Amino acid sequence: MSHSPKAAISALESQFKILSKVEFRGETTLSVEPGAIADICLFCRDSLGFNFLTDLSGLDHFGEDPRFEVAYELYNMERGEWLRLKTRVSEDLPEIHSVTSVWPTADWHEREAFDMYGIRFTGHPDLRRILMWEGYPFHPLRKDFPLGGKPSEMPDVAFSAAAPLEGGPFVTVPSTATTKDREPRARG
Amino acid sequence: MAEIAPVTYDSKIEGNVVFTQLDAAMNWMRKNSLWPMPMGLACCAIELMASASARFDIARFGSEVMRFSPRQSDVMIVAGTVTYKMALAVKRIWDQMPEPKWCIAMGACASSGGMYRSYSVLQGIDHLIPVDIYISGCPPRPEALIEGLLRLQRKIEKEPALYNQKKALFEDMAG
Ligand code: SF4
């Protein structure tokens, strides 16, 4: 069953510049310009009825330019419709406008994306780290950050050390092979 | 004929006197009333709670009084994943516990970081505080925790309690 909001998508296409549109298993993903994200979100909420932001997450496409991406999962509670918005931000200026004024729930999600990827959300009321401690110098979900972590020291607050990986990191590969072949191993 | 006063044997009190070593007496009192500081940081804490419940009843071994004040507790049971963000807080609580004190690392996470070979998890609480007993398992069953507690009791039995208590004094006397 498709929960793709046809009317909402065509309304968005007529109002804003849509960079690409991907349909996958009944879900629609629209790529949009980063500069317009706040206006698009406001339009989605007020005119299209997307009254719930289910999730907001960061992504790191290491090696590509622009490097980072922010994904917004929108939900229309009355009609049961889903819509995903994506927008890219560059590594040199990883900044995008906050949508906390549209959906207050974006507050902590944006803090998490800031903490893990270093994407700054302008206009956010309180953009602090949410998982790591204040003063931790890295953004650990970036692809160029080692799995075992890096040493750091913040006197009287916290410290961190690199975890021993003993030949790892141990990673699994997505495939249809048997469990034995799929299980996490050190893959040089 | 003058009556002989019973100076060496008094039948009224003799049955109530037990001779022992001071160390043994102190250790006996300590080991049977180990008040835990429940440092429940993740899933292992659920098993820690279960071991205090009626089914497993850690009270049988004198450890039912979970103290949430470090100043009243004897053994810190680190039950769960110690993140770097929490690590110094655990250490601070440990430092507030009065001597004599012991530490049980319950589960894979507290003992070695467990499955979290990760940037955010301390690879074993023994990097920060001295651990007496490591309990394997993810999570260990309550029986395993009780076994660990009994082993700690056996360890306490052999401690030079008086010497540890007055260590500075004895070292002074020895010059
Ligand atoms: S050892 Fe297993 S059960 Fe215990 S805290 Fe770690 S992950 Fe959870």
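K.L.:
Can you walk me through the overall build of chain A in this structure?
P.N.:
Each helix and strand in chain A was counted, giving 4 helices and 11 strands. Oriented by its inertia axes, the alpha-carbon framework of chain A measures out at about 55 × 45 × 30 Å. Taking all 188 residues of chain A together, 39% fall into the buried category. Put simply, 44% of the contacts in chain A that link residues at least 6 apart link residues at least 24 apart. In the form shown here, chain A has an accessible surface area of approximately 10,400 Å², with 54% of it arising from carbon and sulfur atoms. With 21 positive and 29 negative side-chain charges, chain A shows a separation of 6 Å between the mean positions of the two kinds.

K.L.:
Could you clarify how one ought to interpret the interface of chain B and chain A in this entry?
P.N.:
As a measure of interface size, the accessible area lost when the parts come together is often cited. Every contact between the two is made by 11 residues of chain B and, on the other side, 21 residues of chain A. Here chain B and chain A share an interface that buries about 1,200 Å² over both sides, 67% of which is from carbon and sulfur atoms. It is B:Tyr84, B:Lys85 and B:Tyr119 that lose the most area in chain B upon contact with chain A, and together they represent 59% of the buried surface on that side. Our enumeration of links across chain B and chain A arrives at 0 salt bridges. Here chain B is connected to chain A by 4 residue pairs in polar contact (both at pLDDT 80 or more).

K.L.:
Is there a simple way to think about a nonpolar patch on the surface in this case?
P.N.:
A cluster of nonpolar side chains, contributed by B:Ile13, B:Val17 and B:Phe19, occupies part of the molecular surface with about 340 Å² of accessible area. You can see B:Val17 is positioned in the segment before helix 1 (22–31).

K.L.:
Help me out: how do you make sense of the pairing of strand 2 (residues 75–79) of chain B in this one?
P.N.:
Where a strand is regular, its side chains alternate between the two sheet faces. All names here are of chain B. Of all the 5 residues making up strand 2, 5 are buried; the element is thus mostly covered by neighbouring parts of the structure. Of the two faces of strand 2, both are covered, the one formed by Val75, Ile77 and Ala79 as well as the one formed by Met76 and Val78. Taken together, the 5 bridges between strand 1 (residues 36–40) and strand 2 define a ladder with parallel strand orientation. If you follow Met37 over to strand 2, its bridge partner there is Met76. Since strand 1 and strand 2 lie parallel, the crossover through helix 2 (residues 44–52) that links them has a hand, and here it is left-handed. In this sheet, strand 3 (residues 102–106) lies alongside strand 2 in parallel orientation, the contact comprising 5 bridges. Considered in strand 3, the bridge of Ala79 is made with Met106. In this view, the connection linking strand 2 to its parallel neighbour strand 3 by way of helix 3 (residues 84–96) has right-handed handedness.

K.L.:
Would you mind showing me how to read unusual backbone geometry here?
P.N.:
For residues besides glycine, phi is generally negative; the peptide bonds are generally trans as well. A cis geometry characterises the amide bond from A:Asp65 onward to A:Pro66, with omega recorded as 0°. Along the chain, A:Pro66 falls in the loop between strand 3 (52–60) and strand 4 (68–76). B:Pro100 follows B:Glu99 through a cis peptide bond whose omega is -5°. Mapped onto the elements of the fold, B:Pro100 is located in the loop between helix 3 and strand 3. Positive phi values are uncommon outside glycine, yet A:Asp156 reaches one of about 65°. Owing to a relative accessible area of 68%, A:Asp156 belongs among the exposed residues under this scheme. Of note, the phi angle at B:Asp57 is positive, near 55°, even though the residue is not glycine. Following the sequence through the fold, B:Asp57 ends up in the loop between helix 2 and strand 2.

The rules we used
- Residues numbered from 1 in each chain as written.
- Chains lettered and ligands numbered in written order.
- Predicted model: local features only at pLDDT ≥ 70, side-chain atom pairs only at ≥ 80, totals over all residues.
- Heavy atoms only, no water.
- Helix = DSSP H or I, 4+ residues; strand = E, 2+ residues; numbered from the N terminus.
- Buried < 20%, exposed > 50% of the residue type's maximum accessible area, 1.4 Å probe, protein only.
- Contact = heavy atoms within 4.5 Å.
- Areas by Shrake-Rupley, 256 points an atom, 1.4 Å probe, with all protein chains shown as cover.
- Lys, Arg positive; Asp, Glu negative; His and termini not counted.
- Charge placed at Lys NZ, Arg CZ, Asp CG, Glu CD.
- Buried area = accessible area lost by both parts, 1.4 Å probe.
- Salt bridge = Lys/Arg side-chain N within 4 Å of Asp/Glu carboxyl O.
- Polar contact = N/O pair within 3.5 Å; in protein donor to acceptor, adjacent residues only side chain to side chain.
- Patch = residues over 30% accessible without salt bridge, like charges linked within 9 Å, V, L, I, M, F, W, Y side chains within 5 Å.
- Pairing = 2+ DSSP bridges.
- Right-handed = clockwise from strand over helix to strand, strands pointing away.

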